[in-house]
Amino acid sequence: MNQADLSKLVSALRIAVKPKPRRFSCPEGPAGRLEKLRATVTALVKYERIELNHPRAEEAQGYAERLISDAIRNGDCHKHTMEMADYWLNEKQLVHKLFKVLAPRYQNYNSSFTRLVLGPKTYPGYYVGTAILELKGNPFPALQPETHNYHYWLHNVLLEEAKKEFRSARQDRNAGTTESVTAES
Amino acid sequence: MLRRAVLQTFRQGLAQSFFKRNAVSLSETTVTHQPIETSNEADEKSVSKQKPGDESGNTVVVAPPEFRFMYPEFLPDPAMERRNRLKEKLERIDMLQRRSVVEIPEFYTGSVMAVTVADANSPNKFARFVGICIQRGGSGLRAWFILRNVVDKQGVEILYEMYCPLIQKIEVLRLERRLDESLLYLRDALPEYSTFPLDMEPERRLNNSVVPINPLKVKLRPRPWLERWERQNLQGVEDLNLPQRFYDKAEKVAKPWEKYDLMLQYRKTIPAEEQEKIFADVHSQLQQQEFKRKIRRQHSALNDSHMVRVGRDANPNQTRISGSIVPSCMLSSAGDMTFRLETYHY
């Protein structure tokens, strides 16, 4: 049983965080893992929607969410947050983008800041498949169509009323025929 | 706007969003209480906040931010596989129940403490040990701390479980902090740094609001040591004066990227929103207990003075033992201490 580390205050992430991190094979070993993820996170912040392999996408999602949540919680005058932003974003103009564009955009979000959508698994190829990692609120058209069917849309309201009318009319008809039958008998 | 209105119907959600909105403004105030390592973090006022009422009109009390340093054992083990909200809630209830019986004061690594334990085998039925707290750990009812002292040139460490029913009294004789969170290097340090008189009196602090940080740098004995101290980035140790090859190897073996590993940090911590919830829950009860103890102390002081006036001899050296002696049939099997003797070489 260990005590929680108290030195940093972190915001809760709104993505599913797995208990153990994934390892990535690289020539530099464990040091190279963060280098790879750095490149991914930089690309995500730069392009706002990237297509890559699923395992790297999941790991990078966690780091991107942490970076953005720290930027929102602490702001750019916080020394540690600025150090992290400086490390994780290879291009320095993206540090400005993080604090000036992304932090205000996600200020009042109650959901996660990124979205991970599974992509095609082309055969032959990498078995685990691809994924598309994007920042929410990006200017591109949506990846997945909205499949909601709200009851308050006009055509749904009209259909509901039509159904009710049909049912009540059918009930009246049935009542009429049964009465006539009972009257005859 | 609609979304925010929906959120505000929930009291806790409001408290959280209020705290989050004010987090940046709070960090601008000056720090009095934090250790050197967290000077960038949480520069907040050390005052219990009474939030203005939410829409339902109830006041929302939030614990002061330094609660997480004063009562770290209330936070659960961060390992995700072992989290169980119900278990943690029940444990907190039990911890508060125990604290209402025995006063467990605020202490840190580096504080000198005295612990009195019920011991069936000793002539007084109690065993008292004084030592410096070199490490504390565990969460919930299993929270422990290790006290170290040198008795008759023999180094002795005792691990006490804070919520063990055998413990009768915990006194903090000197409340202070050191430059490191773990003082295990005292095992390899010169004995005078770990020696404290067994009849040490509690020291009074001049300034009650700030816990002082003792900037003492300890001198180590010559090698061999129990651990490779040069690899641990210790602040409270004097220059180790080792040959360069030790430092070269330490650099080779070091993992400097872990400092930037955001997910590693996340998996080791409890998120701030959860911490606030836990301490808000616990804060009011702890305050009530503190208040009752103060009243009891005032009453006992009045009674003592009354007894002196009447002429009965009140022995001022008699220590009052809060909490009862638990009969052996009720002792928990988990409440054992481990006794570690250390061979002392010159």
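The rules behind these values
Residues numbered from 1 in each chain as written. Chains lettered and ligands numbered in written order. Predicted model: local features only at pLDDT ≥ 70, side-chain atom pairs only at ≥ 80, totals over all residues. Heavy atoms only, no water. UniProt positions renumbered as here; feature names shortened; annotations may be inferred. Pairing = 2+ DSSP bridges. Helix = DSSP H or I, 4+ residues; strand = E, 2+ residues; numbered from the N terminus. Axes fitted to C-alpha atoms, helices over the stretch in contact; angles between N-to-C directions. Contact = heavy atoms within 4.5 Å. Polar contact = N/O pair within 3.5 Å; in protein donor to acceptor, adjacent residues only side chain to side chain. Buried < 20%, exposed > 50% of the residue type's maximum accessible area, 1.4 Å probe, protein only. Phe/Tyr/Trp six-rings, centres within 6.5 Å; stacked < 30°, edge-to-face > 60°. Lys NZ or Arg CZ within 6 Å of the ring centre and 35° of its normal.

- Chain B has the name Large ribosomal subunit protein bL19m in an unreviewed UniProt entry, where Daphnia magna is given as its organism.

- In the annotation of an unreviewed UniProt entry, chain A is listed under the name Large ribosomal subunit protein bL17m and assigned to Daphnia magna.
- Chain A has a UniProt comment under Sequence similarities (unreviewed entry) that states "Belongs to the bacterial ribosomal protein bL17 family."

Quick look at the sheet that holds strand E3 (residues 130–135) of chain A
All names here are of chain A.
At step 1: With respect to topology, three strands assemble into an open sheet ordered E1-E3-E2, the strand pairing being antiparallel. Whereas interior strands pair on both sides, the edge strands pair on one side only; in this sheet they are strand E1 (49–53) and strand E2 (114–118). Going across the sheet, the axis of each strand differs from the next one's by a mean of 25°, ignoring polarity.
At step 2: Two elements, E2 and E3, share five bridges in a ladder whose sense is antiparallel. Counted as the bridge partner of Leu116 is Leu133 from E3.
At step 3: Lying on the sheet, helix H2 (residues 54–74) is in contact with E1, E2 and E3; it crosses E2 at an angle near 170°.

Some words on the side chain of B:Asn149
Residue and element names in this part refer to chain B.
At step 1: Of note, Asn149 is situated in strand E5 (residues 144–151).
At step 2: Within the local environment of Asn149, its side chain forms a polar contact with the backbone oxygen of Val130, the two atoms lying 2.7 Å apart.
At step 3: Every residue in contact with Asn149, bar those within four places of it in the chain, is listed here: Phe129, Val130, Gly131, Gln154, Gly155, Val156, Ser194, Thr195, Phe196 and Leu198.

So, the pairing of E5(B)
Residue and element names in this part refer to chain B.
At step 1: With six of eight residues buried, E5 lies mostly within the body of the structure.
At step 2: Where strand E4 (residues 126–137) lies against E5, five bridges are found, and the strand directions are antiparallel. Bridge pairing in E5 links Arg136 to Phe145.
At step 3: Here E4 hands over to E5 after six residues, with Gly138 in that stretch at a positive phi of 75°.
At step 4: Relative to strand E6 (residues 154–161), E5 runs antiparallel, the two sharing eight bridges. Each residue of the ladder has a partner; that of Asn149, found in E6, is Val156.
At step 5: As consecutive antiparallel partners, E5 and E6 are separated by two residues, and within that stretch Asp152 has a phi angle of approximately 55°, a positive value.

Details of the packing of aromatic side chains
At step 1: Going through the model one piece at a time under the given rule, you end up with 13 aromatic pairs over all chains.
At step 2: Consider the rings of A:Tyr87 and B:Tyr260, whose centres lie 4.0 Å apart with planes at 0°: the pair is stacked. Remark: B:Tyr260 occurs in the loop between helix H5 (244–253) and helix H6 (262–268) and A:Tyr87 occurs in helix H3 (residues 79–88); the pair is interchain, linking two chains.
At step 3: You can call A:Tyr87 buried: its relative accessible area is 11%.
At step 4: Summarising the aromatic geometry, the rings of B:Phe145 and B:Tyr160 are spaced 5.9 Å apart at their centres and angled 35° between planes, so their arrangement reads as tilted. Separated by 15 residues along the polypeptide, B:Phe145 in strand E5 and B:Tyr160 in strand E6 bring together distant segments of the chain. Here B:Phe145 matches B:Tyr160 in class, with each residue buried.
At step 5: Taken together through their ring pairs, the aromatic side chains of A:Tyr63, A:Tyr87, A:Trp88 and B:Tyr260 make up a single cluster.
At step 6: We note A:Arg38 situated over the ring of A:Tyr87; from NZ or CZ to the ring centre the distance is 4.0 Å.
At step 7: Looking at B:Arg177, its charged tip hangs above the ring of B:Phe69, at a distance of 5.6 Å from the centre.

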